[in-house]
Amino acid sequence: MSLINRLKPLVLGLMLSSATIAAFSGCETLKLKSSKGNEEIDYANKKRIYITAFGPFKDYQRNPTQDIASYLSKKGYTTETLDVDYHKAPERLRQIIMYDKPDVIVSFGFSEKASNLALSITAKNIMSSDFPDNSGRIHKDVKINDKLPDILSIDEKQRRYFRKMARQAGINYYEQDDADSFVCNSLSFAGISETKGNNKTSFYFFHVPADIYSNKQQLRNLEKIIRMLEY
């Protein structure tokens, strides 16, 4: 075999490699079609999600949201378990917003009343409960911030966006106007107040039922929500 014939495969390989590199270098982002085939998902601009849960409190030695955090952590998400404390939990959330600067924060709290995933669309400017937080505080109708309104709501645009995306993804959830007045409410109030008008971080607070981790359908819905908010 002549030298020229021996070099042909090598030259052809180099030409193909150069063409491939040139083709990809002209692409700013890699976009793939969604399962529906009519929408594009921009995987290069995947949002950073920070997930918070709560630790033990009251008679619950294991908070159901801890299992969620553990489960999602194994999926590669950044998670943190907060103390059930009127002041420590909101302060830690503010630090996450200020220093970590995630694109989306999804906070989970446990509610004995919840029968399904519940998106809290409002939070009250009040701390009040008949039992103490983990620091032993029992607040009775104490204002969280005298300079802010009695009720804060997530932005209507954000709410409409979530509804639309959830409907398209077939996610089963419901909205609630009341996050009670215990630490879940204090955290939600802090999240809404710190991100309202903030184009860098979106905040969502969900109440979950006690059987969330063992209920496969609800766990799938929860995962769908996280994946949906990534894009």
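The text that follows walks through the structure, step by step, so that each part is easy to find. (Residues numbered from 1 in each chain as written. Predicted model: local features only at pLDDT ≥ 70, side-chain atom pairs only at ≥ 80, totals over all residues. Heavy atoms only, no water.)

1. Notes on the packing of helix α3 (residues 88–100) against helix α5 (residues 183–195)
Phase 1: Remark: α3 packs on α5, axes separated minimally by 9 Å, with the N-to-C direction vectors making an angle of 25°. Taken together, the axes of α3 and α5 are roughly parallel relative to one another. As for the relative orientation of α3 and α5, their crossing is right-handed in sense. Contacts from Ala89, Pro90, Leu93, Arg94 and Ile97 in α3 reach Val183, Ser186, Leu187, Ala190, Gly191, Glu194 and Thr195 in α5.
Phase 2: Here the residues of the contact of α3 with α5 sort into seven nonpolar, three polar and two charged. (Axes fitted to C-alpha atoms, helices over the stretch in contact; angles between N-to-C directions. Helix = DSSP H or I, 4+ residues; strand = E, 2+ residues; numbered from the N terminus. Parallel < 35°, antiparallel > 145°, perpendicular 65-115°, else oblique. Left-handed = near helix turned anticlockwise from the far one by under 90°. Contact = heavy atoms within 4.5 Å. Nonpolar A, V, L, I, M, F, W, Y, C, P; charged D, E, K, R; others polar.)

2. Overview of the sheet that holds strand β10 (residues 202–208)
Phase 1: An order of β4-β3-β5-β10-β6-β9 is seen for the six strands of this open sheet, with the pairing classed as mixed. Where the open sheet ends on each side, the last strands, each with one partner, are β4 (78–82) and β9 (174–176). Shown here is a sheet whose adjacent strand axes are inclined to one another by a mean of 30°, direction ignored.
Phase 2: Bridge analysis of strand β3 (residues 49–54) against β4 gives five bridges, and the strand direction is parallel. Following the sheet pairing, Ala53 is matched in β4 by Thr81.
Phase 3: Packed on one face of the sheet, α3 meets β3, β4, β5 (104–110) and β10 and runs near 170° to β3. (Pairing = 2+ DSSP bridges.)

3. Some thoughts on the environment of Leu93
Phase 1: Within the secondary structure layout, Leu93 lies in helix α3.
Phase 2: When its relative accessible area of 0% is taken as the criterion, Leu93 is described as buried.
Phase 3: For the pair Leu93 and Ser107, spaced 14 residues apart in sequence, the C-alpha to C-alpha distance is 9.4 Å.
Phase 4: If we ignore the near neighbours within four places in the chain, the residues touching Leu93 are Ile105, Ser107, Leu187, Ala190, Gly191 and Phe203. (Buried < 20%, exposed > 50% of the residue type's maximum accessible area, 1.4 Å probe, protein only.)

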